[in-house]
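Letter by letter, the chains look like this.
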Amino acid sequence: MDFVPSKFVKVVNQNNYYQVHSDNEVILRVYFLSDDIVRIRYATDGHFDEDFSYAISSKFTGTPTVSMNDTPEILIFKTSTLIVNINKTDLKIIFTDLNGQIICRDEKGFHWEEHQKYGGNIIKMSKVVQEGEHFYGMGDKTMHLNLRGRRVTNWAMDTYGFKKEEDPIYKAIPFYTAIHNQKAYGIFFDNTFKSYFDFGSERRFVTSFWAEGGEMNYYFINGPELLDVTRRYTHLTGTPELPPLWALGYQQSKWSYYPESKVMDIAQKMREHKIPCDVIYLDIDYMDGFRCFTWDKEKFPDPKAMVANLKAMGFKTVVIIDPGIKIDEEYPVFKEALENNYFCRRADGPHMKGKVWPGECYFPDFTNPKVRKWWSGLFEDLIGNIGINGVWNDMNEPALFEIDGKTFPDDVRHDYDGNPCSHRKAHNVYGTQMARATYKGVKKYNHGQRPMVITRSAYAGAQRYASAWTGDNIASWEHLWIATMQCQRLAISGFSFVGTDVGGFIDHPTPELYTRWVQLATFQPFFRTHSSGDHGEQEPWSFGEDALQIVRKYIELRYQLLPYIYTTFYQYVSEYTPMLKPISVYDQTDSDTLYRVDEFLLGDHLLVCPVLEPNAKSRYVYLPKGNWYQFWTGQKMEGGKEVLAEAPLDQMPVYVREGAVIPMFPKMQYVGEHLVDQMTLNTYFGASSMNSYLYEDAGDGYEYEKGIYNLKRFKTQSSETSFRLSLKRSGHYEPTYSTYKIVIHGLPFAPSSILVNEKEVITANVYSENHKLVIVVERSTFISLEIFK
Ligand code: MIG
């Protein structure tokens, strides 16, 4: 039977929240975290359990200004942008803007059922679907970006060979955004139990979310921009630190590269074939009988020397670490954890025993801070001594073989940072806490360099500790479509540093599919080819000469774009801006964007339109409003309509927004191969005024925390008779390059006068390259460039 709050009794203004009491012992707490973020919690028996969250970032800050008006029928809270009305007859909530226009309102609102089997409640919330409302977000889902009419489940699952529409898969991020009447908002339901969201599927005009335990505890996040909703959610749940620049380079993996000679051969071939590459991965076969933190001495007799040799060739080495610890009395990691009681236990006392790669295993309880500390310490040899540069956390849903449900049974106990609970509550955060302990360990022993961790499972907030990949996908065209969507969806769900197994993990891609996948991944934040061992070779040279040439061209472009991509990462870290934006987020005023998934923006200015079909020679592209330059041809086009774009196999349609400045590196084989001596500024004539940014620092280490970085703002101003590019900079980093090569695309007039820093320039520094005006200027003194008709 469902219970609901009864009528209002009183409201108490506490330190940082308002507490509303109902006649039937329901307490509703309303916290204003900022003018645009409101947290709502309900207790059903007159008291709350301890307030604890793994998701919320300790770095979040907000300065709310709120007033309360206690009227006879409604409690009204008002901030500078938002009104929250609480009805006194039933405690139902309506969020409106300052004009009283409804943003979101309770249908039945909060209701609950007592949980017969486990105690506590099954807690539920329902809200009214507004006219023309659309829903997005929810972390990693395999269906269309627009979730209207769908129901999804949050329960992290190992889903080898997952299918389109399959749900749930590896991650659980209970956050959605919604938009109607061109105004957006979001809801983050911070509850780690298995939860469900229904976006008008069961009842067309009702959105509901519920969980099998815990508290009704959600954050209402105001817009009105979709982009700001995502940003505010990302601010709340945190961003990672800047990655080392090499982690944005190309990475090569397979299950598995072994023995050492094979690894060295792959590295050698990368250089021979001139495929730029920064990282090689070692999958589970490097270990001794799959025991974490050990090496198979036959396959890898001297790991330290191998890592050093790879380093000399410009490669970083990343190794996999799983949660399952082999039951083996001779294995020190096992013994230590057993002696210290670090392993998870069943309700009645025995250890949680489960089968994974090493055979029967026990599993550390990563929700215990002591266990996390111990785990971090295990990386001393691997990172500090052997010189491994990053760690890959797999199987951390947690995944188990040969058991119903493929994970721990519900009764398994967890510490949950001093809030003991069962696996029902800890399941969705297990992988995140493992990644967190790994991140701390890698960082601790990394000789002052930045850590690189990648995780498969994640709950909201996991982005603070690790990058992520989307698990065991398939080499199919359908999966290329899913891949396009997964990364966009994760990005708007606070998790930008993501990528897919390029080419597909299962099965073998055709040369064409592999080529198209590389083209897409060139513009996604995490870029790694990975595949299972059983389906043939999946290195860039395994697909014939034609594919190799195209793949090389794109991976080279990836490296050329690193300054732009790194800046985009900086904007994510510091401004919470998703690195990838669906075009609905780019322009929500244009309803033509609301159902489109197969194109997106990378950073401020690049529109990426992957080719998702075999034998394509062209594809339709919806150009958002404004003017765009075709990246490859420089052709200028008007947006706000659909166009047919040329897309031969060597050309994935990409467009640059007019007025943009895209900073680019020279080609390189890996980050740090040679000192960059010139920064190219690709500059696109057009907008009356446009800002572009360049963030730069040493690319590793922590000098940037002491101000040793630059943030440069390039502003372009175009008119019929003039063009101006000006630079404003802050920061103290001294880059290695001494000149900017300014390339001006689309200048519509012949210049009669060119001024650099307000002085007429000598024509020797001006030339034309492929019909584009090129001007080389001194980096250290450059302030402005003006060109007049
Ligand atoms: O049971 O480590 O998703 O990337 O290569 C399979 C072997 C375990 C699953 C991962 C995949 C990895 C594989 N792992």
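Our subject in this report is the structure included herewith.

Orientation of helix H8 (residues 477–492) relative to helix H9 (residues 511–521), taken along the N-to-C sense of each, is 5 degrees, at an axis distance of 11 Å. Taken together, the axis directions place H8 and H9 in an arrangement best described as roughly parallel. Residues Trp-477, His-479, Leu-480, Ala-483 and Thr-484 of H8 touch H9, and the partners they reach there are Glu-512, Leu-513, Arg-516, Trp-517 and Leu-520. Along the lines of polarity and charge, the residues of the contact of H8 with H9 split into six nonpolar, two polar and two charged.

Let us look at the site of the ligand. Neighbouring residues of the ligand: 13 residues in total, closest Asp-283, Asp-394, Arg-456, Asp-472 and His-530. Trp-357 has a polar side-chain atom sitting 3.0 Å from an oxygen atom of the ligand. One nitrogen or oxygen atom from the side chain of Asp-394 is found 2.6 Å from a nitrogen atom belonging to the ligand. Within the complex, 95% of the 350 Å² of free accessible area of the ligand lies under protein.

Here we come to H9. In terms of burial, H9 is a largely internal element, 10 of the 11 residues being buried. Buried residues of H9: Glu-512, Leu-513, Tyr-514, Thr-515, Arg-516, Trp-517, Val-518, Gln-519, Leu-520 and Ala-521, and no others. Summarising the contacts, the buried residues of H9 are in contact with H8, strand S32 (501–502), strand S33 (528–529), helix H10 (544–560) and strand S35 (600–602).

The antiparallel open sheet is built from six strands, whose spatial order is S34-S35-S36-S41-S38-S39. Each of the sheet's edge strands pairs with one partner strand only, and the pair in question is strand S34 (580–582) and strand S39 (636–638). Recorded for the sheet is a direction-independent mean angle of 35 degrees between the axes of neighbouring strands. In the sheet, strand S36 (residues 606–608) pairs with strand S41 (residues 654–657) via three bridges, with the strands oriented antiparallel. Within S41, the position partnered with Val-608 by the bridge is Val-654. Running at roughly 105 degrees to S34, H8 makes contact with S34 and S35 of the sheet.

Scanning the model with the defined rule gives three cavities of 30 Å³ or more in all. In this structure, the largest cavity spans a volume of roughly 120 Å³. Taken together, 16 residues make up the lining of the largest cavity; nearest its centre are Pro-240, Glu-241, Pro-451, Val-453 and Tyr-465. Along the lines of polarity and charge, the residues of the lining of the largest cavity split into 13 nonpolar, one polar and two charged.

Of note, Ser-726 is situated in strand S46 (residues 722–731). Overall, the relative accessible area of 12% leaves Ser-726 in the buried class. With residues up to four places along the chain from it excluded, the contact list for Ser-726 reads Arg-713, Phe-714, Lys-715, Ile-783 and Ser-784.

Okay, the packing of aromatic side chains next. Scanning the entire structure with this criterion turns up 66 aromatic pairs. Between the aromatic rings of Phe-32 and Phe-77, the centroid separation amounts to 5.7 Å while the plane-to-plane angle is 50 degrees, which identifies the pairing as tilted. Taken together, the residues span a long stretch of sequence, with Phe-32 in strand S3 (residues 27–34) and Phe-77 in strand S6 (residues 74–78) at a distance of 45 residues. By relative accessible area, which is 0% here, Phe-77 ends up buried. Both rings, one in Tyr-566 and one in Tyr-695, keep their centres 5.6 Å apart while their planes meet at 55 degrees; by these two values the pair is tilted. Pair noted here: Tyr-566 is in helix H11 (residues 562–575) and Tyr-695 is in strand S44 (residues 690–696), with a separation of 129 residues, a long-range link. Overall, the relative accessible area of 2% leaves Tyr-695 in the buried class. These aromatic residues form a ring-pair network of at least three members: Phe-293, Tyr-342, Phe-363, Phe-366, Trp-374, Trp-375, Phe-379, Phe-408 and Tyr-430.

Now for the pairing of strand S18 (residues 216–222). By the criterion of burial, S18 is predominantly enclosed, with seven of the seven residues buried. Neither face of S18 is left uncovered, since the one carrying Met-216, Tyr-218, Phe-220 and Asn-222 and the one carrying Asn-217, Tyr-219 and Ile-221 both have all their residues buried. Pairing of strand S4 (residues 37–43) with S18, which is carried by six bridges, proceeds in the antiparallel orientation. Paired with Ile-37 across the strands is Ile-221, a residue of S18.

Take the environment of Val-743 next. Counting through the fold element by element, Val-743 comes out in strand S47 (residues 739–745). A sequence separation of 626 residues divides Val-743 from Lys-117, and the C-alpha atoms of the two residues are 68 Å apart.

This part covers the sheet that holds strand S23 (residues 354–356). What the three strands build is an open sheet, ordered S22-S24-S23; its pairing is antiparallel. Looking along the sheet, the strands with just one partner apiece sit at the ends: strand S22 (325–326) and S23. Bridge count for S23 against strand S24 (residues 359–362) is three bridges, and the pairing is antiparallel. What sits directly across from Gly-354, in S24, is Cys-361.

Turning next to the pairing of strand S52 (residues 784–788). On a regular strand, one side chain projects to one face of the sheet and the next to the other, so that they alternate. Taking burial as the measure, the five residues of S52 include four buried ones, the bulk of the element. As defined by bridge partners, strand S48 (residues 753–756) adjoins S52 across four bridges and the pair is classed as antiparallel. Paired with Ile-754 across the bridge in S52 is Ile-787.

With that out of the way, let us pick up a negative patch on the surface. A surface patch of negative charge is lined by Glu-329, Glu-330, Glu-336 and Glu-339. As for its placement among the helices and strands, Glu-336 is situated in helix H4 (residues 332–339).

Under the definition given, this model contains zero disulfides. There is no disulfide at Cys-277, and the cysteine sulfur nearest it, in Cys-487, is 19 Å away. With no disulfide partner, Cys-292 has as its closest neighbouring cysteine sulfur the one in Cys-361, 8.0 Å distant.

Rules and cut-offs
Residues numbered from 1 in each chain as written. Predicted model: local features only at pLDDT ≥ 70, side-chain atom pairs only at ≥ 80, totals over all residues. Heavy atoms only, no water. Axes fitted to C-alpha atoms, helices over the stretch in contact; angles between N-to-C directions. Helix = DSSP H or I, 4+ residues; strand = E, 2+ residues; numbered from the N terminus. Parallel < 35°, antiparallel > 145°, perpendicular 65-115°, else oblique. Contact = heavy atoms within 4.5 Å. Nonpolar A, V, L, I, M, F, W, Y, C, P; charged D, E, K, R; others polar. Near = heavy atom within 4 Å. Polar contact = N/O pair within 3.5 Å; in protein donor to acceptor, adjacent residues only side chain to side chain. Areas by Shrake-Rupley, 256 points an atom, 1.4 Å probe, with all protein chains shown as cover. Buried < 20%, exposed > 50% of the residue type's maximum accessible area, 1.4 Å probe, protein only. Pairing = 2+ DSSP bridges. 1 Å grid on protein atoms, 1.4 Å probe; cavity = no way out; pocket = protein on both sides within 12 Å on 5 of 7 lines; lining within 4 Å. Points joined across faces, edges and corners; volume = space filled by probe spheres on them. Phe/Tyr/Trp six-rings, centres within 6.5 Å; stacked < 30°, edge-to-face > 60°. Patch = residues over 30% accessible without salt bridge, like charges linked within 9 Å, V, L, I, M, F, W, Y side chains within 5 Å. Salt bridge = Lys/Arg side-chain N within 4 Å of Asp/Glu carboxyl O. Lys, Arg positive; Asp, Glu negative; His and termini not counted. Charge placed at Lys NZ, Arg CZ, Asp CG, Glu CD. Disulfide = S-S within 2.5 Å.

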